[in-house]
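For reference, the chains in residue letters:
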Amino acid sequence: MKAFTQLSGIVAPMDRANVDTDMIIPKNFLKSIKRSGFGKNLFDELRYLDEGQPDQDCSGRPINPEFPLNFPRYQNAQILLARENFGCGSSREHAPWALDDYGFRCVIAPSFADIFYNNCFKNGLLPIELPSSALDSLFQALYDNEGFTLNIDLAAQTVTTPAGQVYTFEVDEFRKHCLLNGLDDIGLTLQEADAIREYEERVKAQRPWLFGATASK
Ligand SMILES: CC(C)[C@@](O)(CC(=O)O)C(=O)O
């Protein structure tokens, strides 16, 4: 999993509360079991004027000119500003997969749905909770300054604006450790690979039949 340490990136707005997982990645695109390829259908029903089909080439689809992520100023954004209860509605891990595949590495909101919040850490995305008042200021600065960027430092737990305003955020120490070191659940387990191999060799010697071998005479 990609590590997250520091990020300085373009910011884009998703200026509505209760953005659910079906708005993030509509259910008709969940047919793939791959983790990649969902970025082209991120916010599909808001982003395009037609109805998308799974595995469709989106390059020729009519885009919705009113949807902010289609504005030239927000192209290549890596940080999404959002409102309360982002990622509600379901447990689909396709939601952080779609955000990551589109190019987002961080979502900043006053609150997140629990499952989505946890799924972000498991997929190398950093969800940052800040007070609603801070989001109000950040949205205003974003709208007032074309090309608005933020600098995020996970180790320091800070979000810094180009004007030098610093916001601090809380994050669980273990989740912070995993993100800083690019450790998902598999990476965490593989840190014990030597002990796992030693255990398997010992059990194979004691109970070979468990491994399909006959007991040694
Ligand atoms: C299993 C998955 C497709 C799910 O049904 C899971 C869920 O509803 O939490 C969804 O709609 O995201």
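Structure shown above.
First, a word on scope: everything that follows refers to the structure included in this document. The shown structure was predicted, so the numbers you read here are calculated from the model rather than taken from an experiment. (Residues numbered from 1 in each chain as written. Predicted model: local features only at pLDDT ≥ 70, side-chain atom pairs only at ≥ 80, totals over all residues. Heavy atoms only, no water.)

**Some details on the site of the ligand**
What surrounds the ligand is the set Leu 30, Ser 90, Ser 91 and Arg 92. Ser 90 is positioned with one of its side-chain polar atoms (N or O) 2.9 Å from an oxygen atom of the ligand. The separation between an oxygen atom of the ligand and a polar side-chain atom of Arg 92 is 2.9 Å. Relative to its free-state accessible area of 310 Å², the ligand is covered by the protein chains to the extent of 44%. For the shell around the ligand, the class distribution of residues is one nonpolar, two polar and one charged. (Near = heavy atom within 4 Å. Polar contact = N/O pair within 3.5 Å; in protein donor to acceptor, adjacent residues only side chain to side chain. Areas by Shrake-Rupley, 256 points an atom, 1.4 Å probe, with all protein chains shown as cover. Nonpolar A, V, L, I, M, F, W, Y, C, P; charged D, E, K, R; others polar.)

**Describing unusual backbone geometry**
The phi dihedral of Phe 43 is positive, around 50 degrees, even though this residue is not glycine. According to the relative accessible area criterion, Phe 43 is buried, its value standing at 0%. Of note, the phi angle at Asn 76 is positive, near 65 degrees, even though the residue is not glycine. Along the chain, Asn 76 falls in the loop between helix H2 (44–47) and strand E2 (79–81). Accessibility expressed as a relative area gives 67% for Asn 76, which makes it exposed. (Buried < 20%, exposed > 50% of the residue type's maximum accessible area, 1.4 Å probe, protein only. Helix = DSSP H or I, 4+ residues; strand = E, 2+ residues; numbered from the N terminus.)

**Brief notes about the nonpolar core**
In globular proteins that are soluble, nonpolar side chains generally tend to be buried together. Phe 43, Leu 80, Phe 86, Leu 99, Ile 108 and Ile 152 are the most contacted members of the largest nonpolar core, which has 56 residues in total. Of all the elements in the fold, those that place two or more residues in this core are strand E1 (6–13), E2, helix H3 (94–102), strand E3 (106–109), helix H4 (114–122), strand E4 (126–129), helix H5 (132–144) and strand E5 (149–153). Per element, the largest residue contribution to this core is five residues, and it comes from H5. (Core = buried A, V, L, I, M, F, W, Y, C linked by side-chain atoms within 4.5 Å.)

**Structural notes on a nonpolar patch on the surface**
Taken together, the side chains of Trp 209, Leu 210 and Phe 211 define a hydrophobic patch exposed on the protein surface, amounting to about 350 Å² of accessible area. Mapped onto the elements, Phe 211 comes out in the segment after helix H8 (193–206). (Patch = residues over 30% accessible without salt bridge, like charges linked within 9 Å, V, L, I, M, F, W, Y side chains within 5 Å. Salt bridge = Lys/Arg side-chain N within 4 Å of Asp/Glu carboxyl O.)

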